[in-house]
Structures are given as structure tokens and as C-alpha cells.
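# Chain and residue survey
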Amino acid sequence: GAVVSQHPSWVICKSGTSVKIECRSLDFQATTMFWYRQFPKQSLMLMATSNEGSKATYEQGVEKDKFLINHASLTLSTLTVTSAHPEDSSFYICSAPISGRGTDTQYFGPGTRLTVL
Amino acid sequence: AQSVTQPDIHITVSEGASLELRCNYSYGATPYLFWYVQSPGQGLQLLLKYFSGDTLVQGIKGFEAEFKRSQSSFNLRKPSVHWSDAAEYFCAVGALAAGNKLTFGGGTRVLVKP
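Definitions and limits used
Residues numbered from 1 in each chain as written. Chains lettered and ligands numbered in written order. Predicted model: local features only at pLDDT ≥ 70, side-chain atom pairs only at ≥ 80, totals over all residues. Heavy atoms only, no water. Phe/Tyr/Trp six-rings, centres within 6.5 Å; stacked < 30°, edge-to-face > 60°. Helix = DSSP H or I, 4+ residues; strand = E, 2+ residues; numbered from the N terminus. Buried < 20%, exposed > 50% of the residue type's maximum accessible area, 1.4 Å probe, protein only. Contact = heavy atoms within 4.5 Å. Salt bridge = Lys/Arg side-chain N within 4 Å of Asp/Glu carboxyl O. Nonpolar A, V, L, I, M, F, W, Y, C, P; charged D, E, K, R; others polar. Core = buried A, V, L, I, M, F, W, Y, C linked by side-chain atoms within 4.5 Å. 1 Å grid on protein atoms, 1.4 Å probe; cavity = no way out; pocket = protein on both sides within 12 Å on 5 of 7 lines; lining within 4 Å. Points joined across faces, edges and corners; volume = space filled by probe spheres on them.

## As for the packing of aromatic side chains
Going through the model one piece at a time under the given rule, you end up with 14 aromatic pairs over all chains. Ring geometry for Y32(B) and F51(B): centres 5.3 Å apart, planes at 85°, overall edge-to-face. Here Y32(B) is found in strand β5 (residues 32-38), whereas its partner F51(B) is found in the loop between β6 (44-50) and β7 (56-58), with 19 residues between them in sequence. Neither residue differs from the other here; Y32(B) and F51(B) are each classed as buried. Ring geometry for F63(B) and Y89(B): centres 5.6 Å apart, planes at 50°, overall tilted. Taken together, the residues span a long stretch of sequence, with F63(B) in the loop between β7 and β8 (64-68) and Y89(B) in strand β10 (residues 87-94) at a distance of 26 residues. The two residues F63(B) and Y89(B) agree in class, both being buried. Through a chain of ring-to-ring contacts, three or more aromatic side chains come together here, namely Y36(A), F108(A), Y32(B), F34(B), Y36(B), F51(B), F90(B) and F104(B).

As C-alpha cells, this is what we get:
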């Protein structure tokens with residue numbers, strides 16, 4: 001159990017276009033999902049918290065107009081990188097927590113590699 | 001604010017030898033601690049977690065970690081490494097008070113020599 005999927009696994013796009021990345025919890029419901037960004041050979045940096053039925057909460061320094069997050073259902077959150085530029089090229093990872101014993105354990109998707117030309 | 005430090009960027013170990021990965025955290029309250037492993041092309045997999053209770057935690061794949069509050073550490077160990085253990089390992093700290101957000105360490109890349 002506790003499987004999180006992401007689609008696509010990789011995407012190449014031209015500068016100025018928008019790209020949508022999906023994150024799904026396959027066998028559980030998630031009212032909250034998290035979006036991370038990972039640069040090559042670096043750690044994961046939390047970008048935002050996606051909340052089902054309400055606005056996402058963004059971390060300091062993350063442009064909310066550039067990284068649009070929609071959590072339309074209890075199993076799906078989407079991240080749209082708008083007007084992508086080469087500096088947005090990165091590995092984007094989502095996670096979804098499962099409640100238990102007072103706190104949550106997060107399960108991670110396999111990630112989406114975005115390359116902006 | 002919570003923070004995590006993994007002092008070793010790279011570790012090379014011979015197959016069959018023991019492995020220890022260091023993790024130090026900073027958090028004002030009782031932290032929830034995690035170790036994840038990331039293999040090339042794969043997502044992060046949870047190895048083990050510490051919430052409370054016994055400070056020696058057993059995980060999957062033969063890994064264990066020990067929480068030492070006095071040293072603010074949560075080091076990961078494995079008695080005998082297999083070639084398949086070559087991967088990137090991340091220590092993370094979470095907190096209920098922080099909305100269960102995770103803060104990750106910089107990661108330690110483990111190379112296994114035959």
C-alpha cells in the first residue's frame with residue numbers, strides 16, 4: 001500500500017510554455033500533499049503544501065504565480081509550471097502523508113524531471 | 001526552525017562491511033525523524049522512522065538507526081552492506097507543530113566497492 005504516482009516521469013518543453021505535473025495517491029486519500037524540488041546532486045526543498053479544497057501554502061521564496069497548485073480531489077494534486085524558463089529545469093517530487101500515531105509518514109512519488117529548453 | 005545536517009557527502013564502503021551514516025538535527029521540541037533512500041530513477045523510499053519510545057529503531061533492508069537526544073543525532077547503520085545499497089540517503093526531520101512538513105538533510109551518497 002501507500003503508493004504515490006506522478007505523471008509524466010519526464011518532460012521537455014520550450015521556454016515560455018506551461019507544463020502540468022500530476023501527483024496521485026493510488027490506494028489512499030490525501031487531504032494534503034507536498035511538492036518538492038530537487039536540483040542535481042542536491043537535497044529536496046519543500047516548495048508548497050497542497051490542500052484539498054483550498055489554496056496551497058507556499059514556502060518563502062516560491063513564486064505562487066509561477067508554480068500553480070491545484071488539489072482538486074482527495075487523490076490528485078497538480079503542479080503547473082507557468083511560462084517555464086531554463087532555470088526551472090529540475091526534478092519535481094510530490095509526497096502524500098498517511099496519518100498514524102500522532103503524526104504522518106510521507107510517501108513519495110517517483111518524481112518528474114523537467115527540462116526547459 | 002528545524003534543520004538537518006548530514007556531514008558526509010560521500011561514503012565508499014566495501015561490500016560486506018558495516019555502514020554508518022551520520023545525521024544531526026536542530027529542533028526545539030521533540031522531532032519526528034526519518035531516513036529515506038533514493039535510488040537512481042526511483043522515488044524516495046522510507047527506511048525507518050522515529051516518533052517516540054525505543055530509541056533504537058529497526059527498518060527495512062537490514063537498516064537500523066539510533067536516536068540520541070543528548071547528541072541531537074539519528075545515525076543510520078547497517079552491519080553488512082550489499083551492492084544494492086548503493087544509493088543516496090536522506091535524513092529528514094518533521095514536526096506536528098510544523099504541519100508535518102519535512103526538512104531534509106543534504107544527503108549522503110553511498111558507493112559500494114565489490
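Having seen the model, we can carry on.
## Brief notes about the interface of chain B and chain A
Contacts between chain B and chain A engage 19 residues on the former and 21 residues on the latter. On inspection of chain B and its partner chain A, the count reaches 1 salt bridge. With a shortest N-O distance of 2.8 Å, K101(B) and E59(A) are connected by a salt bridge. Take the side of chain B that touches chain A: its biggest share by element is 4 residues, from β5(B). Split by residue class, the side of chain B that touches chain A holds 10 nonpolar, 7 polar and 2 charged.

## So, the nonpolar core
Residues and elements named next belong to chain B. Core analysis: the largest hydrophobic core is formed by 26 residues, its most contacted members being W35, L48, F74, L76 and Y89. Where this core is concerned, the elements lending two or more residues are β2 (10-14), β3 (19-21), β5, β6, β8, β9 (73-78), β10 and β12 (108-113). If you tally residues by element for this core, the top one is β10, at 4 residues. When residues no more than four places from it in sequence are discounted, the contact partners of L76 are L19, E20, L21, W35, L47, L48, F63, E64, A65 and Y89.

## So, the layout of surface pockets
By volume, the largest pocket amounts to about 390 Å³. Taken together, 18 residues make up the lining of the largest pocket; nearest its centre are M45(A), L46(A), M47(A), E59(A) and V62(A). The element that contributes the greatest number of residues to the lining of the largest pocket is strand β5 (residues 44-51) of chain A, accounting for 4 residues. Split by residue class, the lining of the largest pocket holds 10 nonpolar, 4 polar and 4 charged. Taken as a whole, the second largest pocket holds about 300 Å³ of empty space. Together, 16 residues line the second largest pocket, and Q38(A), K41(A), R113(A), Q38(B) and R109(B) are the ones closest to its centre. Among the residues making up the lining of the second largest pocket, the classes are represented as 5 nonpolar, 7 polar and 4 charged.

## Re the pattern of salt bridges
All names here are of chain B. Under the counting rule described, the total for this entry stands at 8 salt bridges over all chains. A salt bridge links R22 to D8; the shortest N-O distance between them is 2.9 Å. Linking R22 in the loop between β3 and β4 (24-26) with D8 in the loop between β1 (3-5) and β2, this pair joins segments that are 14 residues apart in sequence. Of the charged contacts in the structure, one is a salt bridge between R77 and E66, with a shortest N-O distance of 3.4 Å. Of the two residues, R77 is situated in strand β9 and E66 in strand β8; the sequence distance between them amounts to 11 residues. On the basis of relative accessible area, E66 is assigned to the partly exposed category, the value being 24%. Each of E64, E66 and R77 takes part in a single network of salt bridges with overlapping partners.

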